[in-house]
Amino acid sequence: MIGALEQMALLAVLRLREEASAVAIRKELHERTGKNVGRGALYTVLERLEGKGYLFSWLGEPMPERGGRARRHYSVTVSGVKALRESKKAIQSLWSGLESVLGKSW
């Protein structure tokens, strides 16, 4: 099972598609969850996900506004999608049967 921040990063990359750079992922996480994920924490997670084969990255074209540096882009692999599905299934199983305690509107 993948961790909560790993899940959120993978979901953000899926949402952003070809626009998924670290800056965009961090912004997406903040907008959708209200969490401010530190740049270092995000890069650590992205590297870990690449190491697990759930994510791959590539460098785009050099950008004048970045001083000629290229931006790294990310995409979720088939294994990453599979990991997300398994994680969702596990979480749903844990939540199942707790409606009387937690309410039905989760």
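Going by the structure above, here's the rest.
On a predicted model such as this, the values are computed, not experimentally measured, just so you know. In every chain, residue numbers begin from 1 and rise along the written sequence. Restriction of local features to residues with pLDDT of at least 70 applies here, the model being predicted, together with a cutoff of 80 or more for giving and counting side-chain atom pairs; totals for whole chains, interfaces and linings are based on all residues. Only heavy atoms go into the side-chain values, all of them from the structure, while hydrogens and water stay out.

(A) Spotlight on a nonpolar patch on the surface. The patches described consist of residues with a relative accessible area above 30% and no salt bridge, like charges being joined within 9 Å and nonpolar side chains (Val, Leu, Ile, Met, Phe, Trp, Tyr) within 5 Å. The Shrake-Rupley method, run with a 1.4 Å probe sphere, supplies the accessible areas, and residue values consider only the shown protein chains as cover. One side-chain nitrogen of Lys or Arg within 4 Å of one carboxyl oxygen of Asp or Glu is enough to make a salt bridge. On the surface, Leu94, Trp95, Leu98, Val101 and Leu102 cluster together into a nonpolar patch covering about 490 Å² of accessible area. Counting residues per element, the ones that place at least two in the nonpolar patch are helix H4 (78–95) and helix H5 (99–102). Helix and strand definitions follow DSSP, with helices as H or I runs of at least four residues and strands as E runs of at least two, each counted in order from the N terminus.

(B) Seen up close, the packing of helix H1 (residues 4–16) against helix H3 (residues 39–51). To define axes, lines are fitted to C-alpha atoms, for helices over the stretch in contact only, and angles between the resulting N-to-C directions are given on a 0 to 180 degree scale. Two numbers describe how H1 lies on H3: the axes approach to 10 Å, and their chain directions differ by 85°. Considering their axes alone, H1 and H3 lie roughly perpendicular with respect to each other. Along its contact with H1, which presents Leu5, Glu6, Ala9 and Leu10, the element H3 presents Val45, Arg48 and Leu49. The class makeup of the residues in the contact of H1 with H3 is five nonpolar, no polar and two charged. To sort the angles, those under 35 degrees are grouped as roughly parallel, those over 145 as roughly antiparallel, those from 65 to 115 as roughly perpendicular, and the leftovers as oblique. Pairs of residues are marked as contacts when any of their non-hydrogen atoms sit within 4.5 Å. Any residue that is not Ala, Val, Leu, Ile, Met, Phe, Trp, Tyr, Cys, Pro, Asp, Glu, Lys or Arg is counted as polar, Gly included; the first ten are nonpolar and the last four charged.

(C) Up close: the side chain of Thr77. Within the element layout of this structure, Thr77 appears in the loop between strand E2 (69–76) and H4. The residues contacting Thr77, other than those within four sequence positions of it, are Gly53, Tyr54, Leu55 and Phe56.

(D) Local environment of the pairing of strand E1 (residues 55–63). Following DSSP output, two strands are said to pair if at least two bridges run between them. One ladder, built from seven bridges, connects E1 with E2; its direction is antiparallel. Within E2, the residue paired with Phe56 across the bridge is Ser75. Hairpin connection, E1 to E2: the antiparallel pair is bridged by five residues, and Gly67 has positive phi, about 70°.

(E) Region of interest: H1. Here, expected helix span is obtained from the residue count minus one, scaled by 1.5 Å. An ideal rise of 1.5 Å per residue puts 18 Å on 13 residues; H1 measures up with 18 Å between its terminal C-alpha atoms. Using a 1.4 Å probe on the protein chains alone, a residue whose accessible area is under 20% of its type maximum counts as buried, one over 50% counts as exposed, and one in between counts as partly exposed. All of the buried residues along H1 are Glu6, Gln7, Ala9, Leu10, Ala12, Val13 and Leu16. As for H1, its buried residues are in contact with helix H2 (22–33), H3, E1, E2 and H4. Arg17 occupies a position one or two residues after H1 and carries a positive phi of about 55°.

(F) Spatial organisation of the packing of H2 against H3. Relative orientation of the contacting elements H2 and H3 amounts to 110°, with a least axis distance of 11 Å. Between H2 and H3, the interaxial angle falls into the category roughly perpendicular. When H2 is examined against H3, the residues Ala22, Ile25, Arg26 and Leu29 are found in contact with a partner set consisting of Arg39, Leu42, Tyr43 and Leu46. Looking at the contact of H2 with H3 residue by residue, the class counts come to six nonpolar, no polar and two charged.

(G) Expanded view of the packing of aromatic side chains. The pairing test for Phe, Tyr and Trp rings, Trp by its six-membered ring, is centres within 6.5 Å, and the orientation test on the planes gives stacked under 30 degrees, edge-to-face over 60, and tilted for anything in between. Within the structure shown, the criterion is met by one aromatic pair. Considering the side-chain rings of Phe56 and Trp58, the 5.6 Å spacing of their centres and the 35° angle between planes classify their relative orientation as tilted. Relative accessible area serves as the criterion here: at 41%, Phe56 is assigned to the partly exposed category.

(H) Structural detail: the environment of Gln7. With respect to the helices and strands, Gln7 occurs in helix H1. Classification of Gln7 by relative accessible area gives buried; the value is 18%. With 90 residues separating them along the chain, Gln7 and Gly97 place their C-alpha atoms 23 Å apart. Residues contacting Gln7, with those up to four places away along its chain left out, are Ile2, Leu84 and Ser87.

None of the figures reported here should be taken as evidence of function without further support.
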